[in-house]
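Next come the chains, spelled out residue by residue.
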Amino acid sequence: MSVFLNGSFVAPEQARISVDDRGFVFGDGVYEVIRVRDGRLFEGEAHFARLADGVAALALAPKGDPIAPLRGLPGIADELLARNELTRGEATIYIQITRGAAPRTHAFPAPPPPPTIYAAARVFTPPAELRARGAAAITRPDIRWARCDIKSVNLLPNVLAKQHAAEHGALEAIFVRDGALTDGASTSVFAVIDGELRTPPLTNYILPGITRRVVLELAASRGIPARERPIFADELSAAAELFITGTTTDVMPICTLDGAPVGEGTPGPVARQLQQALEARIAGAPAP
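Quick caveat, the model's predicted, so the values are computed rather than measured. (Residues numbered from 1 in each chain as written. Predicted model: local features only at pLDDT ≥ 70, side-chain atom pairs only at ≥ 80, totals over all residues. Heavy atoms only, no water.)

Right, let's get into the overall build of the protein chain. Within the protein chain, the secondary structure is distributed over seven helices and 15 strands. Relative to the globule expectation of 19 Å for 288 residues, the C-alpha radius of gyration of the protein chain, 20 Å, shows essentially globular dimensions. Its C-alpha atoms put the protein chain at 55 × 40 × 35 Å along the principal axes. Within the protein chain, buried positions represent 49% of all 288 residues. Here the analysis covers contacts within the protein chain between residues at least 6 apart in sequence; of these, 70% occur between residues at least 24 apart. Here the protein chain carries 29 positive and 32 negative side-chain charges, and the mean point of each set is 2 Å from the other. (Helix = DSSP H or I, 4+ residues; strand = E, 2+ residues; numbered from the N terminus. Rg over C-alpha atoms; globule rule 2.2 N^0.38 Å. Buried < 20%, exposed > 50% of the residue type's maximum accessible area, 1.4 Å probe, protein only. Contact = heavy atoms within 4.5 Å. Lys, Arg positive; Asp, Glu negative; His and termini not counted. Charge placed at Lys NZ, Arg CZ, Asp CG, Glu CD.)

Okay, structure coming up:
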């Protein structure tokens, strides 16, 4: 295996990051995970654009050159896939950019150090069987910070929520803030209520999911009534379907929430239709 770190392709055991790196000390960085099928990055431009937004929001780039940390990343991703023999089948690319290594002070170090840029490619197995039968989820209070729209490496509330879900036999924890659903711990959330597909509108508390956007596009192309509209926790008892989406989640039906069945307790027709449409889009084939 090879990974990329600060300009070089090296074996993972040879990759070394300073203990003073601000990603390690403060979680001062951003990341992306990109789906790959047969060597082709799915929605790669959208992922790199979101990464650029995160770099800008955290001011990770040198002044006067805001895209410096992003330069060459598409080529680096392709090279990682080739070096790791992942140009056939399913894979993912992980990219992380931090502010770099500097003595520990809360304010940005001056002069700014070079950003730390890390990328890796891994084999990926889609959760096809679980997707076919549907998964369980739980709800948790949304205690994350107020800039969830930035894909930051600060993920402790997500980790704790995901662990709580695992301890209760669930795949995902769905966050609730002020009575409304926001995100899953690592996914976006959709519900079918009164015949309408809903997903929470984008705010600073919602990550602009790439798969979320694609699913909305697919719904529109198929005439499925869809709207970015709040989903309130007290409406969920009337939901015919609930599902989550994400880069490695695809469209995952949630058939049980907090121990109670959602709708009929089985994957619903809207989720199944969007599963098929998303799979076709990932494969680059004409949509069914």
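Further remarks concern helix α2 (residues 44-57). With 14 residues, α2 ought to run about 20 Å at 1.5 Å a step, and its terminal C-alpha atoms sit 20 Å apart, in line with that. Taken together, the buried positions of α2 are occupied by Gly44, Ala46, His47, Phe48, Arg50, Leu51, Gly54 and Val55. Among the structural elements, β3 (29-37), β4 (40-41), α3 (73-83), β5 (90-98) and α6 (210-221) are those in contact with the buried residues of α2. (Expected span 1.5 Å × (residues − 1).)

Bringing unusual backbone geometry into the picture now. A cis amide bond, omega -5°, links Ala110 with the succeeding residue Pro111. Tracing the chain through its elements places Pro111 in the loop between β5 and β6 (116-123). Notably, Asp178 is not glycine yet its phi reads approximately 50°, a positive angle. Among the structural elements, Asp178 can be located in the loop between β8 (172-177) and β9 (180-184). A residue is classified by how much of its surface remains accessible, and Asp178, at 78% relative accessible area, is exposed. Positive phi outside glycine occurs at Asp258, with the angle close to 50°. In this fold, Asp258 is placed in the loop between β14 (250-257) and β15 (260-261).

What follows concerns the pattern of salt bridges. Enumeration according to the criterion identifies 23 salt bridges in this entry. Across the pair Glu32 and Arg50 runs a salt bridge, and its minimum N-O distance is 2.6 Å. You can see Glu32 sitting in strand β3 and its partner Arg50 sitting in helix α2, a full 18 residues away along the chain. The two residues Glu32 and Arg50 agree in class, both being buried. The residue Glu228 makes a salt bridge to Arg212 at a minimum N-O spacing of 2.5 Å. Taken together, the residues Glu228 in strand β12 (residues 226-228) and Arg212 in helix α6 connect sequence positions 16 residues apart. Overall, the relative accessible area of 42% leaves Glu228 in the partly exposed class. Here Arg212 falls in the buried class, since its relative accessible area comes to 4%. Each of Arg35, Arg37, Glu90, Arg131, Asp250 and Glu279 takes part in one network of salt bridges that share partners. (Salt bridge = Lys/Arg side-chain N within 4 Å of Asp/Glu carboxyl O.)

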